[in-house]
Amino acid sequence: MEVESANKDMRAAQRSTLIRIVLVASIAAGVQFGWALQLSLLTPYVQLLGIPHTWAAFIWLCGPISGMLVQPIVGYYSDRCTSRFGRRRPFIAVGACFVAMAVFLIGYAADLGHLFGDHVDKPTRPRAIAFFVVGFWVLDVSNNMLQGPCRALLADLSGNDQKKMRTSNALFSFFMAVGNVLGYAAGSYTRFYKIFPFTKTKACDVYCANLKSCFFLSIALLSTVTILALTSVKERALSSQPKPENAAGEDEERVTESAGLPFFGEMWSAFKGLQRPMRILLLVTCLNWIAWFPFLLFDTDWMGKEVYGGTVGKGPEGKLYDRGVRAGALGLMLNSVVLGFTSLGVNVISRGIGGVKRLWGIVNFLLALCMAMTVLITKLAESARHTAAANGGATLSPPPAGVKAGALALFAVLGIPLAVTYSIPFALASIFSHASGAGQGLSLGVLNLAIVFPQMLVSVASGPFDALFGGGNLPAFVVGAISAAASGILSLTMLPSPTTDLSVSKDAISAVPAFH
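Just so it is clear, the model here is predicted, and its values are computed rather than measured.

A. Structural view of the packing of helix α13 (residues 315-344) against helix α16 (residues 401-413). At a minimum axis distance of 7 Å, the contact between α13 and α16 shows a crossing angle of 40°. Classified by the angle between their axes, α13 and α16 sit oblique to one another. Taken as a pair, α13 and α16 cross one another with a handedness that is right-handed. Across from A327, G328, L330, G331, L332, L334, N335 and V338 in α13, the residues of α16 making contact are K404, L408, F411 and A412. Residues that form the contact of α13 with α16 fall into these classes: 8 nonpolar, 3 polar and 1 charged.

B. How the structure looks around the packing of helix α15 (residues 356-390) against helix α19 (residues 474-493). Here α15 crosses α19 at 160°, and the two axes come no closer than 8 Å. When the axis of α15 is compared with that of α19, the two are roughly antiparallel. As for how α15 packs across α19, the hand of that crossing is left-handed. Split by residue class, the contact of α15 with α19 holds 15 nonpolar, 8 polar and 2 charged.

C. Seen up close, a nonpolar patch on the surface. Nonpolar side chains collect at one region of the surface, where L369, M373, L376 and L380 lie side by side and expose about 360 Å² of accessible area between them. Relative to the elements of secondary structure, L380 occurs in helix α15.

D. View of the packing of aromatic side chains. Applying the stated criterion to the full structure yields 15 aromatic pairs. Relative to F216, the ring of Y108 lies with its centre 6.4 Å away and its plane at 45°, an arrangement referred to as tilted. Taken together, the residues Y108 in the loop between α5 (89-107) and α6 (109-115) and F216 in helix α9 (residues 206-232) connect sequence positions 108 residues apart. We classify Y108 as partly exposed; its relative accessible area is 25%. Taken together, F104, Y108, F196, F198 and F216 form an aromatic cluster joined through their ring pairs. Residue placement shows R151 over the ring face of F426; its charged tip is 3.5 Å from the ring centre. We note K212 situated over the ring of Y108; from NZ or CZ to the ring centre the distance is 4.2 Å.

E. How the structure looks around α5. Helix length check: α5, at 19 residues, gives a terminal C-alpha distance of 27 Å against a target of 27 Å (1.5 Å per residue), a fit within 8%. All of the buried residues along α5 are R89, F91, I92, G95, A96, V99, A100, A102, V103, I106 and G107.

F. Broad picture of the pattern of salt bridges. Counting across every chain of the model gives 6 salt bridges. A salt bridge links D301 to K305; the nearest nitrogen and oxygen atoms lie 3.8 Å apart. Remark: K305 and D301 occur in helix α12 (residues 276-307); sequence separation between them is 4 residues, near one turn of the helix. Residue E382 is joined to K379 by a salt bridge in which the shortest nitrogen-to-oxygen separation is 3.8 Å.

Rules behind the numbers
Residues numbered from 1 in each chain as written. Predicted model: local features only at pLDDT ≥ 70, side-chain atom pairs only at ≥ 80, totals over all residues. Heavy atoms only, no water. Axes fitted to C-alpha atoms, helices over the stretch in contact; angles between N-to-C directions. Helix = DSSP H or I, 4+ residues; strand = E, 2+ residues; numbered from the N terminus. Parallel < 35°, antiparallel > 145°, perpendicular 65-115°, else oblique. Left-handed = near helix turned anticlockwise from the far one by under 90°. Contact = heavy atoms within 4.5 Å. Nonpolar A, V, L, I, M, F, W, Y, C, P; charged D, E, K, R; others polar. Patch = residues over 30% accessible without salt bridge, like charges linked within 9 Å, V, L, I, M, F, W, Y side chains within 5 Å. Areas by Shrake-Rupley, 256 points an atom, 1.4 Å probe, with all protein chains shown as cover. Salt bridge = Lys/Arg side-chain N within 4 Å of Asp/Glu carboxyl O. Phe/Tyr/Trp six-rings, centres within 6.5 Å; stacked < 30°, edge-to-face > 60°. Buried < 20%, exposed > 50% of the residue type's maximum accessible area, 1.4 Å probe, protein only. Lys NZ or Arg CZ within 6 Å of the ring centre and 35° of its normal. Expected span 1.5 Å × (residues − 1).

What follows is the structure, encoded as structure tokens:
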């Protein structure tokens, strides 16, 4: 009877932990809803404000620069936060509040610019651009303040259980997919502004008003899931948390000793103390995101320009471009559906093909193939337009059904490698950092540097680089294909497996100075 009672208590505790993991992971849906709107609608939006394609990429520098600084700093201080509300929850709450403020600022950028002197009939609106950039900075700072502690809290809830770590990150990826589906569906629907008729103003046309309305929905979703998670999942204050059985006071001593160190000195110590598994993980992640960012930043722009043959602005070519952008938003929604289903099966798939490193390597080659296929789809669309012009048909018409279907299929297939990218690296970082006695917050912040540096590189170089080859998106996509192939090779040949390499070298790892 005692054994049966103990088993019931254990199962109940496991269910309780899983529920808490699900609630925290659901915050990703609220964050990703707004992020999906950014990816699908903001690049065309900033060009409508007067920023040309060549320079639009520089707007996205806000994200990586803020991520480079904010997420490691937030991770560092969340590891050491002694608030009575817990280590992670205060940062999550503050981040969610700032996200809501930033979304309002971005949505009303055109109206504020007009209020302060912009002329709506001029092609460039400098004041609106200034408000937009400030709002975008605040939004990216807030997202980094929010996501890092969320993932760290998931790692805290998982303890030293590698299966739970993989499951929690897979659930985080799944809810990102849910947010993506909702965000891209909202972005592809053009009549949301009718729900909020006050959003359409003299300075904000239908496109702008629809974007503004979508952001209102984003705030509502993020507020709901954040409040639900923070009120349901409790944390103990750092000083009152029980010590791990195998730590024997070591973690508390480490936190106490390092708490007085300046943050950047701690970061330098973290990099000097990086062990081989983490160094390779950072390299593979960096190459992987060099491949992803050109497409993530310009996917709908690619659909509007290269596939549909439109241009940003008014008139028939502008309408054709808008149709392409909406088709791209539909493609991103399909991508997110595949992403969601794949996220739920990442653990099963990785076991079936021999481990997470092999899975990551394979999907990187799939990513490389898909990026290369953008060239073929673009050439087919151009050929169809040339054929129509030669036969006296309309040159400003959507691509043939086959080309459009191929482009949408490409978006959908990319959901498979994206699911792995959103889950496996973070799970490995949590596992590697736990094996070395590292703090989860700063460890995930260090991993974030391998994401933001590629984004900075792509943001700075993609516009001028594409301009050298005629101003399209294909050159950056080709570079992405090469980078994805390199990431796949390194993943298969050099990335350690958490269940073999780490178990063999556990004693050696414990003897190496840990990064926190």
